[in-house]
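Analysis of the macromolecular model
Listed below are the residues making up each chain.
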Amino acid sequence: MKHLRTVEDVMTHAVISVDRRTPFKDVVEAMRQWRISALPVLSEEGRVAGVVSEADLLLKAQGADESRAVTAGQLMTVPAVTVTKDATIPGAARLMARGHLKRLPVVDGDGRLIGVVSRGDLLKIYLRPDADIAEELRELIMAKLIPAGSAMVQVHVADGIVHLDGSLPDPALKDVLVRVARTVPGVVDVTAVRLDTEVRT
């Protein structure tokens, strides 16, 4: 499986959007047809001006008949919470969690819409095979973090949970290894860490 590290690796490129002038009823129909809960609202230049969600529609629908004349530009939430394609997957996940969002528009350097990323997209990293995670961790630990020949660390991964076992030349390396392991895409947790500073015989 390809290493999934950034939003670009998991985002959807085909995006349903509306412009500021799109009527209330058409926004509702687009959401129903495509089974999505929010739509980016674009400016004339293709930049994300805001986002209109089911919650925005429901609030306006309480105003009864006048909702028919309302447009997406009047309904949308501004400023829109967006993310760039090179943002990390954990970073995008934090944005979603902080804002209680299900989807994020993905924009280029000029703020133009180029895709969308959902909670489900971000969870794809956890479909990565355990063997791939273990292989990347071994390379990181033995090739880059531990001086050649100074120690041996065994890496075992089961259901995304990393287990480290072995010896280290420096006790300070233990916390470093744990932190590094947690940054590898697909890692759920690092537990049962058994690392000492004496070479075993």
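Look a little higher up for the structure.
Residues numbered from 1 in each chain as written. Predicted model: local features only at pLDDT ≥ 70, side-chain atom pairs only at ≥ 80, totals over all residues. Heavy atoms only, no water.

**Regarding the sheet that holds strand 4 (residues 83–84)**
The sheet built from 3 strands is open, its strands ordered 4-5-6 with mixed pairing. Whereas interior strands pair on both sides, the edge strands pair on one side only; in this sheet they are strand 4 and strand 6 (113–118). By the bridge criterion, 2 bridges tie strand 4 to strand 5 (residues 103–107) in an arrangement that is parallel. Of the residues in strand 5, the one forming a bridge with threonine 84 is valine 107. The sheet contacts of helix 5 (residues 89–99) involve strand 4, strand 5 and strand 6, and relative to strand 5 the element is tilted by about 130°. (Pairing = 2+ DSSP bridges. Helix = DSSP H or I, 4+ residues; strand = E, 2+ residues; numbered from the N terminus. Contact = heavy atoms within 4.5 Å. Axes fitted to C-alpha atoms, helices over the stretch in contact; angles between N-to-C directions.)

**Section: the nonpolar core**
Ranked by size, the top nonpolar core spans 19 residues in total, and within it Leu137, Ile141, Ile146, Val153, Val155, Val162 and Leu164 carry the most contacts. The set of elements that each furnish at least two residues to this core consists of helix 7 (130–145), strand 7 (153–158), strand 8 (161–167) and helix 8 (173–183). If we ignore the near neighbours within four places in the chain, the residues touching isoleucine 141 are Ile146, Val153, Val155, Leu164 and Leu177. Listed in part, the 15 residues of the second largest apolar core include Phe24, Met31, Leu39 and Val41. (Core = buried A, V, L, I, M, F, W, Y, C linked by side-chain atoms within 4.5 Å. Buried < 20%, exposed > 50% of the residue type's maximum accessible area, 1.4 Å probe, protein only.)

**Quick notes on a nonpolar patch on the surface**
A surface patch of nonpolar side chains, about 310 Å² in accessible area, is lined by Leu123, Tyr126 and Val188. Among the residues examined, leucine 123 registers a relative accessible area of 52% and is labelled exposed. (Patch = residues over 30% accessible without salt bridge, like charges linked within 9 Å, V, L, I, M, F, W, Y side chains within 5 Å. Areas by Shrake-Rupley, 256 points an atom, 1.4 Å probe, with all protein chains shown as cover. Salt bridge = Lys/Arg side-chain N within 4 Å of Asp/Glu carboxyl O.)

**Some points on the sheet that holds strand 3 (residues 48–53)**
If you trace the 3 strands from one edge of the open sheet to the other, you get 1-2-3, paired in mixed fashion. Of all the strands in the sheet, the pair left with one neighbour each is strand 1 (18–19) and strand 3. Summarising the sheet, strand 2 (residues 38–42) and strand 3 pair through 5 bridges and their orientation is antiparallel. In the strand pairing of strand 3, leucine 39 is matched with valine 52. Running at roughly 130° to strand 2, helix 2 (residues 24–34) makes contact with strand 2 and strand 3 of the sheet.

**Things to note about the side chain of glutamate 136**
Inspection of the secondary structure assignment puts glutamate 136 in helix 7. At 2.6 Å, the side chain of glutamate 136 and the side chain of arginine 128 are in polar contact. (Polar contact = N/O pair within 3.5 Å; in protein donor to acceptor, adjacent residues only side chain to side chain.)

**Some thoughts on the pattern of salt bridges**
Once the charged atoms of two side chains with opposite charge are near each other, the side chains can pair. Under the counting rule described, the total for this entry stands at 7 salt bridges. In this structure, arginine 32 engages glutamate 29 in a salt bridge whose closest nitrogen and oxygen atoms are separated by 2.6 Å. With a gap of 3 residues between them, arginine 32 and glutamate 29 both fall in helix 2, about one helical turn apart. Taking the relative accessible area as the measure of exposure, glutamate 29 reaches 34% and is therefore partly exposed. Salt-bridge contacts for arginine 128 lead to glutamate 136; the nearest nitrogen and oxygen are separated by 2.6 Å. Residue arginine 128 is classed as buried on the basis of its relative accessible area, which comes to 5%.

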